[in-house]
Amino acid sequence: MRRNEDELNKMRKAGKVVAEMHEATRAAIRPGISTMDLNNVAAQVIERRGATSNFLNYHGFPAVICTSPNDMIVHGIPSAEVILVEGDIISIDCGAIIEGYHGDAAYTAGVGEISKEAQRLLEVTEASLFAGIDQMTKGNRLHEIGRAVQGVAEAQGYSVVREYVGHAIGTAMHEQPQVPNYWPGSPGPSLKTGMVFAVEPMINIGTQETMTLEDGWAVVTADGSLSAHFEHTIAITDHGPEVFTLP
Ligand code: MG
Ligand code: MG
């Protein structure tokens, strides 16, 4: 789907709200805060900006952000009982709707001082996202994004999660086609001006295998190794990729 300039402007606005949710939650992360507190910080941004949440009630999801600490990859449900402690890493996935158009972006941050190993995972995962974004030029092929992500992650000995992938985005949060974070064996469709995608590598220190917890939402690494998640919403323009969700 190719979006016209009016649609792209609405998506820019939604992206700005998501970026503000990132800034607000990032500023609140510290030892002793609960993941529900972070959810409430993000909910205040949505309300202040007159946006609506695309996460709340999505297939019954009960919150406006996902909070996934340490070996949790994605889809953690915020809870007053999950208290962050010094040395944790926490993945925060945020989304918002403005005038019917969606934004979606995630980051992983450290809580206080974190290990060198964890810090390196965060840096490499974010770098893999931007290597993917660099491929988002008109005329290039969709799966070059995942090839670039995978190249950066695997060069550091990390693994790329296969079961969860990026996606086109617009009037729904998850639109077709999907955007794998690895080379799926074929180049995929050509990228055209006006296409918008959420690219979101999930990178593990250990195995790529995942497990879903009993709540039916939270996904963790099968071996308990740390996982990081970075995501942006990005449009293909005549002048290259435009990231809508940068703070
Ligand atoms: Mg997301
Ligand atoms: Mg997404």
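Residues numbered from 1 in each chain as written. Chains lettered and ligands numbered in written order. Predicted model: local features only at pLDDT ≥ 70, side-chain atom pairs only at ≥ 80, totals over all residues. Heavy atoms only, no water.

### Description of the coordination of the magnesium ion (ligand 1)
Within the protein, the atoms that donate to the magnesium ion (ligand 1) are D93 (OD), D93 (OD), D104 (OD) and E231 (OE), at distances of 2.0 to 2.5 Å. We note that the donor set of the magnesium ion (ligand 1) lies within a single chain, spaced as D-x10-D-x126-E. Here the magnesium ion (ligand 1) and the magnesium ion (ligand 2) are spaced 3.2 Å apart, and both take D104 as a donor. In this pair, D93 sits in strand β3 (residues 89-98) while D104 sits in strand β4 (residues 101-110), placing the two residues 11 residues apart along the sequence. According to the relative accessible area criterion, D104 is buried, its value standing at 2%. (Donors = N, O, S within 2.8 Å, 3.2 Å for Na, K, Ca; no water. Helix = DSSP H or I, 4+ residues; strand = E, 2+ residues; numbered from the N terminus. Buried < 20%, exposed > 50% of the residue type's maximum accessible area, 1.4 Å probe, protein only.)

### A short note on the sheet that holds β3
In space, the three strands of this open sheet follow the order β1-β3-β4, with antiparallel pairing throughout. Two strands lie at the open edges of the sheet, namely β1 (65-69) and β4, each paired on one side alone. With direction set aside, neighbouring strand axes in the sheet form an average angle of 10°. Judged from the five bridges that link them, β1 and β3 form a sheet pairing that is antiparallel. Along β3, the bridge assignment pairs C66 with D93. (Pairing = 2+ DSSP bridges. Axes fitted to C-alpha atoms, helices over the stretch in contact; angles between N-to-C directions.)

### A few points about the sheet that holds strand β13 (residues 232-237)
Within a sheet, neighbouring strands are paired by backbone hydrogen bonds and run either parallel or antiparallel to one another. In space, the five strands of this open sheet follow the order β7-β6-β8-β13-β14, with antiparallel pairing throughout. Looking along the sheet, the strands with just one partner apiece sit at the ends: β7 (175-179) and β14 (240-243). Averaged over all pairs of adjacent strands, the angle between strand axes in this sheet comes to 30°, irrespective of strand direction. By the bridge criterion, four bridges tie β13 to β14 in an arrangement that is antiparallel. Across the sheet, the residue bridging to T237 is G240, located in β14.

### Focus: the side chain of T108
Structurally, T108 is set in strand β4. Judged by relative accessible area, T108 falls into the buried class, the value being 3%. Within the structure, the side chain of T108 is placed 2.7 Å from the side chain of S91, a separation counted as a polar contact. One polar contact links the side chain of T108 to the main-chain amide nitrogen of H229, over a distance of 2.9 Å. The contacts of T108, once residues within four sequence positions are left out, are I89, I90, S91, L122, A228, H229 and F230. (Polar contact = N/O pair within 3.5 Å; in protein donor to acceptor, adjacent residues only side chain to side chain. Contact = heavy atoms within 4.5 Å.)

### Section: unusual backbone geometry
Along the chain, Q176 connects to P177 via a cis peptide bond; the corresponding omega equals 0°. One can find P177 in strand β7. The residue H75 is not glycine, and still its phi comes out positive at about 70°. Note on placement: H75 falls in the loop between β2 (72-74) and β3. Positive phi values are uncommon outside glycine, yet E99 reaches one of about 50°. Locating E99 in the fold gives a position in the loop between β3 and β4.

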